[in-house]
Amino acid sequence: MGQVKRYLEENEINELLELLVDNGHLEGSALGITKQVIDRGVNSLSSKQKYVFENKVLKNYVIESCSICGGGISWSEMYQAIENEGICGYCEHKLSKDG
Ligand SMILES: [Zn+2]
């Protein structure tokens, strides 16, 4: 559970989770579990739920670094990076300017 533990310390993940829920990215058990994390935190999950959260939510939606420049992506720009297929705001800006 190393990954979940790391995200526990960063309440900012809730902002990202809310965007994922509001924009319909999640469904089924992943949706229910994510709503529970927003309301009550990762600690409220059973180990089975944590497994689902880690594998269906964190693995799919948490982007640690930009796929072009390799720079770190902050929580506040992560949702945008998800929409941009894993690139940071800087690279996205550069690409849209060039294109
Ligand atoms: Zn980048």
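Above: the structure in question.
Residues numbered from 1 in each chain as written. Predicted model: local features only at pLDDT ≥ 70, side-chain atom pairs only at ≥ 80, totals over all residues. Heavy atoms only, no water.

**Considering the overall build of the protein**
Right, so step 1: Helices and strands together make up the secondary structure of the protein, namely six helices and zero strands.
Right, so step 2: Counted from the first residue to the last, the protein has its helices and strands arranged as α-α-α-α-α-α.
Right, so step 3: Within the protein, the fraction of its 99 residues that count as buried is 36%.
Right, so step 4: Once local pairs closer than 6 in sequence are excluded, the contacts in the protein between residues at least 24 apart make up 42%. (Helix = DSSP H or I, 4+ residues; strand = E, 2+ residues; numbered from the N terminus. Buried < 20%, exposed > 50% of the residue type's maximum accessible area, 1.4 Å probe, protein only. Contact = heavy atoms within 4.5 Å.)

**As for the coordination of the zinc ion**
Right, so step 1: Here the zinc ion is held by the protein donor atoms Cys 66 (SG), Cys 69 (SG), Cys 88 (SG) and Cys 91 (SG), which lie 2.3 Å from it.
Right, so step 2: Within one chain, the residues donating to the zinc ion are spaced in sequence as C-x2-C-x18-C-x2-C. With Cys 69 in the loop between helix H4 (47-61) and helix H5 (75-83) and Cys 91 in helix H6 (residues 89-98), the pair connects residues that are 22 residues apart, well separated along the chain.
Right, so step 3: The class of Cys 69 is partly exposed, set by a relative accessible area of 45%. (Donors = N, O, S within 2.8 Å, 3.2 Å for Na, K, Ca; no water.)

**A look at the packing of helix H2 (residues 13-22) against helix H3 (residues 28-40)**
Right, so step 1: Packing of H2 against H3 leaves a shortest axis separation of 10 Å and a crossing angle of 145 degrees. Where H2 crosses over H3, the handedness of that crossing is left-handed. On H3, the residues that touch Asn 14, Leu 17, Glu 18 and Val 21 of H2 are Leu 31, Thr 34, Lys 35, Val 37 and Ile 38.
Right, so step 2: Class assignment of the residues belonging to the contact of H2 with H3 gives a composition of five nonpolar, two polar and two charged. (Axes fitted to C-alpha atoms, helices over the stretch in contact; angles between N-to-C directions. Left-handed = near helix turned anticlockwise from the far one by under 90°. Nonpolar A, V, L, I, M, F, W, Y, C, P; charged D, E, K, R; others polar.)

**Topic: unusual backbone geometry**
Right, so step 1: Positive phi outside glycine occurs at Glu 85, with the angle close to 60 degrees.
Right, so step 2: Relative to the helices and strands, Glu 85 is located in the loop between H5 and H6.

**Side note on H4**
Right, so step 1: Compared with an ideal rise of 1.5 Å per residue, which puts 15 residues at 21 Å, H4 spans 20 Å between its outermost C-alpha atoms and is within 8% of the ideal.
Right, so step 2: Largest kink in H4: about 30 degrees, centred on Glu 54.
Right, so step 3: Among the residues of H4, Lys 50, Val 52, Phe 53, Glu 54, Val 57, Leu 58 and Tyr 61 are the ones counted as buried. (Expected span 1.5 Å × (residues − 1). Bend = angle between axes of the 7 residues up to and from the residue.)

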